[in-house]
Amino acid sequence: MRKQPFSVLALLTTVGTISLASCNKENETQPAQVEQAQDAKAEEAYPGQTGAAKAGTWGGESITYQEINGEKVYEGDILLTAEQVAASEGQNRPSSAGRTTGRWPSAVVYYTIDAALPSQSRVTSAISHWQANSPVRFVQRTTQSNYVTFRVGSGCSSNIGMVGGRQYINLASGCTTGNTIHEIGHALGLFHEQTRTDRDNYVNILTQNIQSGYEGNFTKYSALGYGGTDYGVLDFGSIMMYGSFSFSSNGQPTITKKDGSTFNIQRTGLSAGDKSGIDAMY
Ligand SMILES: [Zn+2]
């Protein structure tokens, strides 16, 4: 080993710049050649090393990054924190679209049930379902100023989020427990899943088949003036998602998947994506 400096020197002399570049890290007298050698290719965090390719999203874009030496390396020299990637990995799962404002403080919804509302077990069952599957709590209103009253309506309807003061969830006789779970979802701040701002990546909206007057139910929430967040990816199994034939005027689909196929409506209970969306919001 004692002869190594001589053999390196001999190599530099005979082989020239290629060997010189490979020795530069130890040779402080040759900084110019370090620059020159590295100018030829893009910056890398770990030159010559590759790691396991992983899929994720970052800043809303789908990316592939590599795990090298415990670092998450993107495009060669961008180090993503575990927090960035952990959060973005969750964004690949189906979830919800939620309103930015109008959250219920401390995740507590105060409510009353109008005495004239028939089949009140629809409401109590829907509340029990939400309490079993989310951090949201429902407390019978005493003197609180912001609260929901469940009452008879001409259809099933609700505001999006807490609006302040008394607000209503309206339930016609045909509204089921599943429909009531859906309306409570609106009152908590959930939009219809098909109104996500990124929905065009997942569905086709067939406006020509929508019943006149219901086009707004298929309008992106941003276009309706709401601020919101699209969590994860569109959840076809969400209790907040319409089915392919919802509000059809002619028996033809109003929404299809991007490949043109149709899908069923789900009004049984909260999906895994609904739960993760509400968890993110509350
Ligand atoms: Zn709805």
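What counts, and where the lines are drawn
Residues numbered from 1 in each chain as written. Predicted model: local features only at pLDDT ≥ 70, side-chain atom pairs only at ≥ 80, totals over all residues. Heavy atoms only, no water. Core = buried A, V, L, I, M, F, W, Y, C linked by side-chain atoms within 4.5 Å. Buried < 20%, exposed > 50% of the residue type's maximum accessible area, 1.4 Å probe, protein only. Helix = DSSP H or I, 4+ residues; strand = E, 2+ residues; numbered from the N terminus. Domains from an automatic or database assignment. Contact = heavy atoms within 4.5 Å. Phe/Tyr/Trp six-rings, centres within 6.5 Å; stacked < 30°, edge-to-face > 60°. Lys NZ or Arg CZ within 6 Å of the ring centre and 35° of its normal. Donors = N, O, S within 2.8 Å, 3.2 Å for Na, K, Ca; no water. Pairing = 2+ DSSP bridges. Axes fitted to C-alpha atoms, helices over the stretch in contact; angles between N-to-C directions. Parallel < 35°, antiparallel > 145°, perpendicular 65-115°, else oblique. Left-handed = near helix turned anticlockwise from the far one by under 90°. Disulfide = S-S within 2.5 Å. UniProt positions renumbered as here; feature names shortened; annotations may be inferred.

## A closer look at the nonpolar core
- Judged by nonpolar contacts, the single largest core of 28 residues is most densely connected at Trp 130, Phe 138, Phe 150, Ile 184 and Leu 188.
- If you list the elements that add at least two residues to this core, you get strand S7 (108–113), helix H5 (121–133), strand S9 (147–152), strand S11 (166–171), helix H6 (177–188) and helix H7 (272–281).
- Shared between two domains, this core takes at least three residues from each, and those domains are domain 2 (105–188) and domain 3 (193–277).
- Apart from the residues within four sequence positions on either side, Trp 130 is in contact with Val 136, Phe 138, Ile 181, Ile 184, Gly 185, Leu 188, Leu 190, Leu 270 and Ile 278.

## Quick look at the packing of aromatic side chains
- This model, assessed by the stated rule, comprises seven aromatic pairs.
- With centroids separated by 6.1 Å and ring planes inclined at 80°, the aromatic side chains of Tyr 111 and Phe 150 adopt a geometry described as edge-to-face. With Tyr 111 in strand S7 and Phe 150 in strand S9, the pair connects residues that are 39 residues apart, well separated along the chain. Each member of the pair, Tyr 111 as well as Phe 150, carries the same accessibility label: buried.
- Measuring from ring centre to ring centre gives 4.5 Å for Tyr 214 and Phe 247, while their planes differ by 25°; the resulting arrangement is stacked. Taken as a pair, Tyr 214 in the loop between strand S12 (203–205) and strand S13 (228–230) and Phe 247 in the loop between strand S14 (233–234) and strand S15 (255–257) lie far apart in primary sequence, 33 residues in all.
- Phe 247 gets classed as partly exposed once you look at its relative accessible area, which sits at 27%.
- Three or more aromatic residues link up through ring pairs in this structure, and these residues are Tyr 214, Phe 218, Tyr 242 and Phe 247.
- Over the aromatic face of Tyr 147 sits the side chain of Arg 141, whose NZ or CZ is 4.1 Å from the ring centroid.
- Its guanidinium or amino end placed over the ring of Phe 236, Lys 257 lies 4.8 Å from that ring's centre, counting from NZ or CZ.

## Topic: the coordination of the zinc ion
- Protein ligation of the zinc ion involves His 182 (NE2), His 186 (NE2) and His 192 (NE2), the donor distances falling in the range 2.0 Å.
- Read from N- to C-terminus, the donor residues coordinating the zinc ion fall into the pattern H-x3-H-x5-H. Here the residue His 182 and the residue His 186 both occupy positions in helix H6, the gap between them amounting to four residues, near one helical turn.
- Overall, the relative accessible area of 5% leaves His 186 in the buried class.

## Examining the pairing of S9
- Relative to S9, S7 is paired through three bridges, and the arrangement is parallel. Its bridge partner lying in S9, Tyr 111 is registered against Val 148.
- Looking at chain direction, S9 and S11 are connected through six bridges and run parallel. Looking at S11, one finds that Val 152 is bridged to Leu 171.

## Description of the environment of Tyr 110
- Mapped onto the elements of the fold, Tyr 110 is located in strand S7.
- A relative accessible area of 25% means that Tyr 110 is categorised as partly exposed.
- Each C-alpha atom, one on Tyr 110 and one on Val 139, is 4.8 Å from the other, the two residues being 29 residues apart in sequence.
- Discounting residues that sit within four places of it in the chain, Tyr 110 has contacts with Trp 104, Val 139, Gln 140, Arg 141, Gln 144, Asn 146, Tyr 147 and Val 148.

## Here we look at the packing of H5 against H6
- Contact geometry of H5 with H6 gives a least axis separation of 8 Å together with a crossing angle of 60°. Here H5 lies oblique to H6, going by the angle between them. In terms of crossing hand, the pair formed by H5 and H6 is right-handed. Between H5 and H6, the residues in contact are Arg 122, Val 123, Ser 125, Ala 126, Ile 127, His 129 and Trp 130 and Thr 177, Thr 180, Ile 181, Ile 184, Gly 185 and Leu 188, respectively.

## Here we look at the state of the cysteines
- Applying the stated criterion across every chain yields a total of one disulfide.
- The residue that forms a disulfide with Cys 156 is Cys 175, at a sulfur-sulfur distance of 2.2 Å. Residues Cys 156 and Cys 175 are joined through a disulfide that is left-handed, its torsion about the S-S bond being -105°. Of the two residues, Cys 156 sits in strand S10 (residues 156–158) while Cys 175 sits in the loop between S11 and H6, which places them 19 residues apart along the sequence.
- With relative accessibility at 33%, the residue Cys 156 sits in the partly exposed group.
- By relative accessible area, which is 2% here, Cys 175 ends up buried.

## A look at unusual backbone geometry
- Despite not being glycine, Ala 107 shows a phi value in the positive range, around 55°.
- Of note, Ala 107 is situated in the loop between strand S6 (97–99) and S7.

## A look at the UniProt feature "binding site: Zn(2+)" (unreviewed entry) in the chain
- Per the UniProt record, "binding site: Zn(2+)" (unreviewed entry) is annotated on His 182, His 186 and His 192.
- Filtering out sequence-adjacent residues up to four positions away, His 182 remains in contact with His 192, Ile 239, Met 240 and Arg 267.
- Filtering out sequence-adjacent residues up to four positions away, His 186 remains in contact with Ser 158, Asn 159, Ile 160, Gly 161, Phe 191, His 192 and Met 240.

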